[in-house]
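The residues making up each chain are set out below.
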Amino acid sequence: MKKLKQVLPLVVVLAVLVGLFYVAWHGVGETRDGSMHDINFGLDLAGGVSITYQVAGENGGTPTTQEMDDTVSKLSKRVASELNTTEASVYKEGSDRITVEIPGATDEIFETLSTPGNLYFIREYNDQGAPNYYDPYGMGYSAFYMLSDGVTVESLQASGDIVLSGEDIADAQAGVDNSGTGSEYIVELTLTSEGAKKFATATEAAYANGWTIGIYYDGAFISVPRVQAVISDGKASITGMSSYEAAENLASTIRIGGLDVSLTELRANVVGAQLGASAIHTSKIAAIIGLALIVLFMIIIFRILGVAASMALGFYCCFMVILLSAFDITLTLPGIAGIILSIGMAVDANVLVFARIREEIANGSAVDKAMKAGYSKALSAILDGNITTLIAAGVLGLRGTGTVRGFAITLALGIVISMFTALFVTRGISALLYNLGFKTESFYGKAKAPKKIDFVSKRNIFYAISVLIIVCGIGTCVYNHTAGNHAFNYSIDFVGGTATTVTFEDGKTPSVEDLESSIEPAIISAASAADANLKNLSISHQIVNDQDQVVFKTQSLSTDASQAVNELLTTTYGATDVTYETISATISDEMTSDASWATVIALILMLIYIYFRFRDIRFGASAIIALAHDAIMVIMCYAFTRLEVGSTFIAVVLTIIGYSINDTIVTFDRIRENQHGLRNQEQLKELVNESVNQTLTRSLFTSITTFIMVLCLYVVGVQDIKTFALPLMVGVVSGTYSSICIASQLWFSMKKKSVEKA
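Sequence order as written defines residue numbering, which begins from 1 separately in each chain. Note on the predicted model: pLDDT of at least 70 is required for a residue's local features to be given, and 80 or more for side-chain atom pairs to be given and counted; whole-chain, interface and lining totals, by contrast, use all residues. Side-chain metrics rest on all non-hydrogen atoms present in the structure, leaving aside hydrogens and water.

Sorry if this is basic, but what is going on with helix α9 (residues 304-326) here?
In an α-helix there are 3.6 residues to a turn, and that puts residues three or four apart on one side. Taking 1.5 Å per residue, 23 residues should reach 33 Å; α9 reaches 33 Å between its end C-alpha atoms and fits that length. Where burial is concerned, most of α9 is hidden: 17 out of the 23 residues are buried. Under the DSSP-based scheme used, a helix requires at least four consecutive residues in state H or I and a strand at least two consecutive residues in state E, with every element numbered from the N terminus. One or two steps after α9, the chain reaches Asp328, where phi turns positive at roughly 55 degrees. By this rule the span expected of a helix is its residue count minus one, scaled by 1.5 Å. Exposure is judged per residue with a 1.4 Å probe applied to protein chains only, and the accessible area is read against the type maximum: over 50% gives exposed, under 20% gives buried, and values in between give partly exposed.

Okay, here's the thing in structure tokens:
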């Protein structure tokens, strides 16, 4: 009976795991809710709907470049708000057309996209003295403002409390005001003649009463400036901008709301996956093989604890699939990077705990007490590592756009799940296995005495290796640039290119296999032979369903290259029509800027967090330098190999930043634990060497498990997956190297000065 009570809980756990696996694999109901089949995949993995609009400017004329750029920005923001997706692709086609590609979209969204945005300037109080809008938090940030209860746009229109609308705006530009004691970033508004009259009346009342006028666009306040003077000349300035970028973003949004352009639908098509139909299938196979190898590795190394961790990893995978489905998160290749990172962190937390348990057993503790002490001592390192990465994910999710935000969402979700499974599920299963009779030390193992490797004395060699690689990378970039190529091999995601639409005879559209193995290499060969300036030409395709068409996207093709490709496709592959269009970059300057600023903000917040946790700014400074080191190493990988710098480039760099900070924090946590009574430089050196050696095995084991996952993607995946996985592998190696050989040595170099002075 007692044995049954011990076995029953484990049987229940296994039953729950089997049930979760059934839901994750098969789903619930006819729609298969909660399963991997119910996950929304992005354009790169599953395709979607593509629609092209004809853009007409004022009075039906040709739109200006700025009107086209503003319309692209408007459509991107509208897609994000209406569909709650970050994975749409919006780009210019030619000089007066815009194409929008959206995963899983419906016809209704296209009707919404083609309508102009709604921009309103709203006075703060109505005629009865009641507020039209308010800030519930009293923080003064425009994003926090909302319409008062019962107030709607329709009621504001009826009461006359909307003082201006988009049609009253002639222009909005960011600027710098140097008239005061210092420079100030502003937004300069120019109103139409009718708008100037309306605004003069509105600002007279607002200035007399000390009111604000809220600027409201598409359901949200974008600015709530206080009126500081009566404005009667039709020219106004919005002050208090935190940066020129903030001023430019606000000016762009106001221009978008005042756009006088019309969009006419030219064509709408269902398009296939950008990475080919086999990308998802091979990624699944890679994931299964990778997880199987990780399970095998964990069981061999950690024995019964490895069994517990493997079961917890099963819970993690099931939870991840179910929640991706439940929250309707669109999964793309960058999202897969976030999941890989969170799997690595889930395994890392277990490795941390297990290493601590083995240390306690080696120190003479009984197994049950060692397990309790192991979780207790590893908790701070687990929390610090995950929280710093979660800070980065949070900032990227709030500040980033496009694929950057998609990456951040999946990473944040993965971190939360991995912490739960590592701290609660693994611990619970370990306790069940212990109570089941696995109580002897042989089932857990003992920690061996750490090796005495003198990392500190070799720090200058480590620094020199890193500097040499970076210098060689910079030299490669300079050489490529002077040779007439870009410093990096930028894809059309960054620089735009040519879209070649090929029509085939009815029912004779080539298969995906033929496209990837035969036609695409032939196009590259023909174009490169016709134009010697085309080097490292890359190509992708999208099959237009039910249209017998394939769209090939490449870097910009010259006239000679286009003619060569045309002849190849018509004579060799039976194309009946071939057309070319110049397309713009899908990664806008705004997206790149948002990602850069988000990274900077995240690094600052991580630095602050590390300072408060470790009470030593040198830890934070060393960690940030190590992060920069790893990011540069990944970038240098792109320079050396000439891999395409495309949409996944940003995700790869961000993934390595998250991985590196977690790895570094664990080593620093051990230094903090061992740090006491330092009197001289020799003791400081011994402290760093001892701490790095104590965490060396853990760092290597975590890197091995993460590397296994990425290596499986590289070996099994299609070509686009390989170009994504290779720099990730470089980043994992670099992150491990910097944690062991760079970060701690930097802290030593900074710390020794204070020890010498003491």
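Explain the nonpolar core to me, please; I cannot follow it from the model alone.
It is characteristic of soluble globular proteins that their nonpolar side chains tend to be buried jointly. The nonpolar core is taken to be a set of buried Ala, Val, Leu, Ile, Met, Phe, Trp, Tyr and Cys residues, with the residues joined through side-chain atoms within 4.5 Å. Residues Met298 and Ile357 are the most contacted members of the largest nonpolar core, which totals 132 residues. Examining the composition of this core, we find that 15 residues originate from one element, helix α12 (residues 402-435), more than from any other. In this structure, Leu164, Ala174, Trp211 and Ala251 belong to the second largest nonpolar core, which totals 27 residues.

What is the right way to read helix α7 (residues 244-257) from this model?
With 14 residues, α7 ought to run about 20 Å at 1.5 Å a step, and its terminal C-alpha atoms sit 20 Å apart, in line with that. Residues of α7 that are buried: Glu245, Ala247, Leu250, Ala251, Ser252, Thr253, Ile254, Arg255, Ile256 and Gly257.

I'm lost on the environment of Ile635 in this one. Help?
Position of Ile635 relative to the elements: it lies in helix α18 (residues 617-641). Between the C-alpha atom of Ile635 and that of Val652, which follows or precedes it by 17 residues, the distance is 9.5 Å. Leave out the neighbours within four places in its chain, and Ile635 touches Phe488, Phe649 and Val653. Any two residues whose heavy atoms approach within 4.5 Å are treated as being in contact.

It is not clear to me how the packing of aromatic side chains should be interpreted in this structure. Could you clarify?
For any pair of aromatic rings, geometry is given as the distance between the ring centres together with the angle between the planes. To pair, rings of Phe, Tyr and Trp, with the six-membered ring standing in for Trp, must have centres within 6.5 Å; the planes then decide the type, stacked if under 30 degrees apart, edge-to-face if over 60, and tilted in the middle. What the rule picks out here adds up to 24 aromatic pairs. With a centroid separation of 5.0 Å and an interplanar angle of 50 degrees, the aromatic rings of Tyr133 and Phe221 are classed as tilted. Here Tyr133 is found in strand β6 (residues 133-134), whereas its partner Phe221 is found in strand β12 (residues 220-223), with 88 residues between them in sequence. Under the relative-accessibility criterion, Tyr133 is labelled buried at 2%. Here the aromatic residues Tyr133, Tyr145, Tyr216 and Phe221 are joined through ring pairs into a cluster of three or more. Charge-over-ring placement is defined geometrically: NZ (Lys) or CZ (Arg) within 6 Å of the ring centre, and within 35 degrees of the ring normal. In this structure, Lys722 packs its charged tip against the face of Tyr714, placed 5.1 Å from the ring centre.

Would you mind showing me how to read a negative patch on the surface here?
To count toward a patch, a residue needs a relative accessible area above 30% and no salt bridge. Like charges then connect within 9 Å, nonpolar side chains (Val, Leu, Ile, Met, Phe, Trp, Tyr) within 5 Å. Using a 1.4 Å probe, the Shrake-Rupley method yields the accessible areas, and only the shown protein chains count as cover for residues. Salt bridges are identified by distance alone: a Lys or Arg side-chain nitrogen within 4 Å of an Asp or Glu carboxyl oxygen. Positive charges come from Lys and Arg alone, negative charges from Asp and Glu alone, with His and the N- and C-terminal ends not counted. In plain terms, the charge of a residue is placed at NZ if it is Lys, CZ if Arg, CG if Asp and CD if Glu. A contiguous patch of negative charge, built from Glu513, Asp514, Glu516 and Asp720, is present on the exposed surface. A per-element tally of the negative patch places helix α15 (residues 512-530) first, with 3 residues. Looking at the element boundaries, Asp720 is found in helix α21 (residues 719-757). Taking the relative accessible area as the measure of exposure, Asp720 reaches 31% and is therefore partly exposed.

Help me understand the confidence of the model for the chain, please; the structure alone is not making it clear to me.
Detailed reading of the predicted coordinates is not advisable wherever pLDDT is low. pLDDT gives the predictor's per-residue confidence on a scale running from 0 to 100. For the chain, per-residue confidence averages 82 on the pLDDT scale, and 90% of positions sit at 70 or higher. Per-element confidence in the chain ranges from a low mean pLDDT of 57 for helix α4 (residues 107-113) to a high of 93 for β6.

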